[in-house]
Amino acid sequence: MKERLFKPFSSHGMGVFSKDEISKCGSNVIFEENTRIFHPENIEIGSNVYIGHYTILKGYHKNKLLIGDNCWIGQLCFFHSAGGIHIGNGVGIGPCVKILTSQHSAEMVEVPIICSDLVFGEVTIGDNCDIGTGSIILPGVTIGKGSIIGAGAVVTRDVPEYSVCAGNPARLLRKRT
């Protein structure tokens, strides 16, 4: 087996941006101080959106990070959209939420995990969802319309519409009526 070496690391920049650099930015979008955006050319933001202090929207050289209208994103969030992120309209996302869309395959034990291939999975959050503080949403997950994710939940699989889920891993507690 051929030995794999670490690829050289490079800086991704500072994430300082202007609204003009964002692929699409609707009206009444508020970016609080120290919000960082990477690859703004692959990010689209609807109208009436609030993005809290120190949030990082990490676009990627491919796939899109899409945020619908009338969304609220709390402070200290981290969204990494390598596999694509689609956030619907009317979504509330609490502080410190993490959304990840890629992971290392880690198939061969001879290869350091950090050198293994990336596997991508789009994350979709349906309209009118509420994502609790400190939740983590893992690659490939779809959260159905009108669902509530409890604070601190780790969402590892799809959530049906109008569900209330919490825990680690997140599990269905009840359906909303």
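Cut-offs used in this document
Residues numbered from 1 in each chain as written. Predicted model: local features only at pLDDT ≥ 70, side-chain atom pairs only at ≥ 80, totals over all residues. Heavy atoms only, no water. Helix = DSSP H or I, 4+ residues; strand = E, 2+ residues; numbered from the N terminus. Contact = heavy atoms within 4.5 Å. Areas by Shrake-Rupley, 256 points an atom, 1.4 Å probe, with all protein chains shown as cover. Lys, Arg positive; Asp, Glu negative; His and termini not counted. Charge placed at Lys NZ, Arg CZ, Asp CG, Glu CD. Pairing = 2+ DSSP bridges. Phe/Tyr/Trp six-rings, centres within 6.5 Å; stacked < 30°, edge-to-face > 60°. Buried < 20%, exposed > 50% of the residue type's maximum accessible area, 1.4 Å probe, protein only. Lys NZ or Arg CZ within 6 Å of the ring centre and 35° of its normal. Disulfide = S-S within 2.5 Å. Core = buried A, V, L, I, M, F, W, Y, C linked by side-chain atoms within 4.5 Å.

Chemist: So what about the overall build of the chain? Which residues, and what values?
Modeler: Counting its regular elements, the chain contains 0 helices and 22 strands. By principal-axis analysis of the C-alpha atoms, the chain measures approximately 55 × 40 × 20 Å. Pairs at least 24 apart in sequence give 19% of the contacts found in the chain among residues at least 6 apart. Working note: accessible area of the chain is about 9500 Å², and carbon and sulfur atoms make up 54% of it. Of the side chains in the chain, 16 bear a positive and 16 a negative charge, and the two mean positions are spaced by 5 Å.

Chemist: Can you break down the sheet that holds strand β15 (residues 123-125) residue by residue, with the values?
Modeler: Taken together, the 6 strands give an open sheet; going across it, the order is β1-β4-β7-β10-β15-β18, and neighbouring strands pair in parallel fashion. The open sheet has two free edges, formed respectively by β1 (24-25) and β18 (142-143), since each of these has just one partner strand. Note: strand β10 (residues 85-87) against β15, 3 bridges, orientation parallel. Each residue of the ladder has a partner; that of Ile-87, found in β15, is Ile-125.

Chemist: Residue-level account of the packing of aromatic side chains, with values.
Modeler: Counted by the stated rule, this structure contains 3 aromatic pairs. Measuring from centroid to centroid gives 5.0 Å for Phe-17 and Phe-31, while their planes differ by 70°, and the two rings are edge-to-face. Taken as a pair, Phe-17 in the segment before β1 and Phe-31 in strand β2 (residues 29-31) lie far apart in primary sequence, 14 residues in all. Considering the side-chain rings of Tyr-50 and Trp-72, the 5.4 Å spacing of their centres and the 10° angle between planes classify their relative orientation as stacked. With Tyr-50 in strand β5 (residues 49-51) and Trp-72 in strand β8 (residues 72-73), this pair connects stretches of sequence that are 22 residues apart. The exposure class of Trp-72 is partly exposed, given its relative accessible area of 39%. The side chain of Lys-58 reaches across the aromatic face of Phe-38, ending 4.8 Å from its centre. Over the ring of Phe-120 we find Lys-62, and its NZ or CZ is 4.3 Å from the ring centre.

Chemist: Can you break down the sheet that holds strand β22 (residues 171-175) residue by residue, with the values?
Modeler: Two modes of strand pairing occur in sheets, parallel and antiparallel, and in both the strands are linked by backbone hydrogen bonds. Taken together, 8 strands build an open sheet; the order of strands is β2-β5-β8-β11-β16-β19-β21-β22 and the sheet is mixed. Only two strands of the sheet have a single neighbouring strand rather than two, namely β2 and β22. Note that strand β11 (residues 92-93) and strand β16 (residues 130-131) share 2 bridges and pair parallel. In the sheet register, Ile-93 faces β16, and the bridge partner there is Ile-131.

Chemist: Please set out the pairing of strand β21 (residues 163-166) residue by residue, giving values where relevant.
Modeler: Neither face of β21 is open: one carries Ser-163 and Cys-165, the other Val-164 and Ala-166, and all of them are buried. Both β21 and β22 contribute to a ladder of 4 bridges, which runs antiparallel. Across the sheet, Ser-163 pairs through a bridge with Lys-175, a residue of β22. Adjacent in sequence and paired antiparallel, β21 and β22 are bridged by 4 residues, among which Gly-167 carries a positive phi angle near 105°.

Chemist: So what about the state of the cysteines? Which residues, and what values?
Modeler: Counted according to the given criterion, the structure contains 0 disulfides. Unpaired in terms of disulfides, Cys-71 finds its nearest cysteine sulfur in Cys-129, a separation of 9.9 Å. Cysteine Cys-165 is unpaired, with the sulfur of Cys-129 as its nearest cysteine sulfur at 10 Å.

Chemist: Residue-level account of the nonpolar core, with values.
Modeler: Ile-45, Phe-79, Ile-87, Ile-93 and Ile-125 are the most contacted members of the largest nonpolar core, which totals 35 residues. Mapped onto this core, the elements with two or more residues apiece are β2, β4 (43-45), β5, β7 (65-67), β10 and β15. Apart from residues lying up to four places away in sequence, Ile-93 is in contact with Trp-72, Ile-73, Gly-74, Cys-77, Phe-79, Ile-87, Ile-125 and Ile-131.

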